[in-house]
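Coordinates in review
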Amino acid sequence: MKYIIGNWKAYKTEEEVKLWLAGFIEKLNSDTHIQSILQEKVKVVVCPPYPFIPQVTAALSQFTNIFIGSQNISSFDEGSYTGEVNGKMLSQFVKFAIIGHSERRIVLHETEKAVENKFLMCKKYDIQPILCVRDEKDTIPSEAPFVAYEPTDAIGTGKFKSVDEILEVKKTLKLSEGSLFIYGGSVNAHNCKPYLESNEIDGLLPGGGSLDPLEFLQIISQVN
Ligand code: PGA
């Protein structure tokens with residue numbers, strides 16, 4: 001089973017989300033190859049920005065093995081935390097949450113402590129955390145179910161890593177037994193095949209490669 005996790009980041013308007021969903025659903029409903037892959041070989045997670053989560057959840061909940069994730073979760077529980085979106089709210093809509101993305105660690109100064117609290121919030125509200133790490137220096141809590149290796153020089157640059165490079169780094173990460181290992185960094189429909197063929201890589205986390213529904217489906221269609 002592979003995981004394909006689409007991270008839309010801070011892109012799309014409501015109108016663009018409607019178009020993405022229409023294109024995705026139309027292609028999915030007409031492509032029996034992708035339908036059979038979805039039945040048996042892949043779990044797909046779509047991670048839209050917060051305002052679009054209910055809309056995307058409503059549109060995609062009809063499909064087997066397609067789940068919705070958030071791109072973040074508050075490190076605080078319910079309370080007086082203006083602007084925060086917490087696990088209790090998210091758990092009504094999502095099964096997964098990306099935490100510790102390098103864009104949040106670097107640009108938004110998210111600390112290891114905050115990431116750890118986010119991990120605990122996911123646990124509390126039964127949301128599967130997809131923990132992003134840049135290298136072996138980022139802490140991986142024990143029993144992290146999904147660890148996404150996302151080297152910063154590969155994110156959004158087109159400089160994707162080779163399978164060998166990725167597996168070298170995998171050896172240095174303190175993964176728990178049972179942790180699934182995901183790669184993200186300039187993954188697209190043209191370079192995804194070798195990753196999907198590796199037994200050592202359990203899934204992919206495309207950002208730019210998930211913004212177009214047909215490209216995202218092209219990645220999914222190459223799971224074998
Ligand atoms: P990218 O982003 O595929 O656009 O490089 C991946 C990510 O940052 O999750």
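This write-up is about the structure you can find in this document. Values in this document were obtained by computation on a predicted structure and should not be read as measured data.

Description of helix 7 (residues 163–172)
Taken together, the buried positions of helix 7 are V163, I166, L167, V169 and K170. Seen end-on, helix 7 carries its buried residues on one side only, within an arc spanning 160 degrees. More than 90 degrees from the buried face of helix 7, the exposed residues found are D164 and K171. On the buried face of helix 7, the contacting elements are strand 6 (146–149), strand 7 (180–183) and helix 8 (193–197).

Some points on the pairing of strand 2 (residues 42–47)
The buried fraction of strand 2 amounts to five of the six residues, a majority that puts the element mostly inside the structure. In terms of handedness, the path from strand 2 via helix 3 (residues 53–60) over to strand 3 (residues 66–70) forms a crossover that is right-handed.

Remarks on unusual backbone geometry
The bulk of non-glycine residues show a negative phi, and the bulk of peptide bonds are trans. Its identity as a non-glycine residue notwithstanding, K12 has a phi of 95 degrees, on the positive side. With respect to the helices and strands, K12 occurs in the loop between strand 1 (2–7) and helix 1 (14–30).

Quick notes on the rules
Residues numbered from 1 in each chain as written. Predicted model: local features only at pLDDT ≥ 70, side-chain atom pairs only at ≥ 80, totals over all residues. Heavy atoms only, no water. Buried < 20%, exposed > 50% of the residue type's maximum accessible area, 1.4 Å probe, protein only. Helix = DSSP H or I, 4+ residues; strand = E, 2+ residues; numbered from the N terminus. Arc of directions from axis to C-beta. Contact = heavy atoms within 4.5 Å. Right-handed = clockwise from strand over helix to strand, strands pointing away.

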